[in-house]
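Inside the fold
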Amino acid sequence: MLTPNRFHEAIVACEQYAKSLSRRELTLFLAALLLFFQDACHRRINPSVADLNNPDLSDNVNRFAKNFPDTNYFALSQAIEDAISSLERNVAPLLVMATLTTELRQQLQRRG
């Protein structure tokens, strides 16, 4: 569960990304996040899956999959894809990241 303090940390980090990265870099960051969730989904389905998009994050993927067992990965992926689409439509990066962070938090707090 994301506590208020952890959520605040996430918001601050997203603000920093939005302020310091170009749209292209921000899009690449979101694509990497999308791949992370894809790996976590694969690990939830099959804990022994070896072909991860980023094997260096295997421990983080395992921890996420364990701590958020009822995650709706489709909804998380859709939120990230919507954020990427918003950046491509020239929506303000800070607004995109604030919206995405809120959506991810809501999805991660849902159970079953």
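See above for the structure.
Let us look at the structure shown here. (Residues numbered from 1 in each chain as written. Predicted model: local features only at pLDDT ≥ 70, side-chain atom pairs only at ≥ 80, totals over all residues. Heavy atoms only, no water.)

So, about the overall build of the protein. Counting secondary structure elements, the protein contains five helices and zero strands. For the protein, the α and β elements follow one another from N to C terminus as α-α-α-α-α. Radius of gyration (C-alpha) of the protein: 14 Å, near the 13 Å computed for a compact globule of 112 residues. Across the 112 residues that make up the protein, the buried fraction comes to 34%. Nonlocal contacts in the protein, meaning residues at least 24 apart in sequence, comprise 69% of its contacts between residues at least 6 apart. The centroid of the 12 positive side-chain charges in the protein is displaced by 6 Å from the centroid of its 12 negative side-chain charges. (Helix = DSSP H or I, 4+ residues; strand = E, 2+ residues; numbered from the N terminus. Rg over C-alpha atoms; globule rule 2.2 N^0.38 Å. Buried < 20%, exposed > 50% of the residue type's maximum accessible area, 1.4 Å probe, protein only. Contact = heavy atoms within 4.5 Å. Lys, Arg positive; Asp, Glu negative; His and termini not counted. Charge placed at Lys NZ, Arg CZ, Asp CG, Glu CD.)

On to unusual backbone geometry, then. Phi is positive for Asn 90, close to 75°, though the residue is something other than glycine. Take Asn 90: it is sitting in the loop between α4 (73-88) and α5 (93-109). Taking the relative accessible area as the measure of exposure, Asn 90 reaches 57% and is therefore exposed.

Position of Ala 83 relative to the elements: it lies in helix α4. In this structure Ala 83 comes out as buried when scored by relative accessible area, which is 6%. Residues contacting Ala 83, with those up to four places away along its chain left out, are Leu 30, Val 96 and Leu 100.

Here we take up the side chain of Ser 58. With respect to the helices and strands, Ser 58 occurs in helix α3 (residues 58-67). Among the residues examined, Ser 58 registers a relative accessible area of 19% and is labelled buried. Residues in contact with Ser 58, not counting those within four places in the same chain, are Arg 43 and Leu 52.

Right, let's get into the packing of helix α2 (residues 23-45) against α4. Look at α2 against α4: their axes get within 10 Å of each other, and the N-to-C directions meet at 170°. It follows from the interaxial angle that α2 and α4 lie roughly antiparallel. Of the residues in α4, those touching α2 at Arg 23, Leu 26, Thr 27, Leu 30, Ala 31, Leu 33, Leu 34, Phe 37, Ala 40, Cys 41 and Arg 44 are Tyr 73, Leu 76, Ser 77, Ile 80, Glu 81, Ala 83, Ile 84 and Leu 87. Looking at side-chain class alone, the contact of α2 with α4 contains 14 nonpolar, two polar and three charged residues. (Axes fitted to C-alpha atoms, helices over the stretch in contact; angles between N-to-C directions. Parallel < 35°, antiparallel > 145°, perpendicular 65-115°, else oblique. Nonpolar A, V, L, I, M, F, W, Y, C, P; charged D, E, K, R; others polar.)

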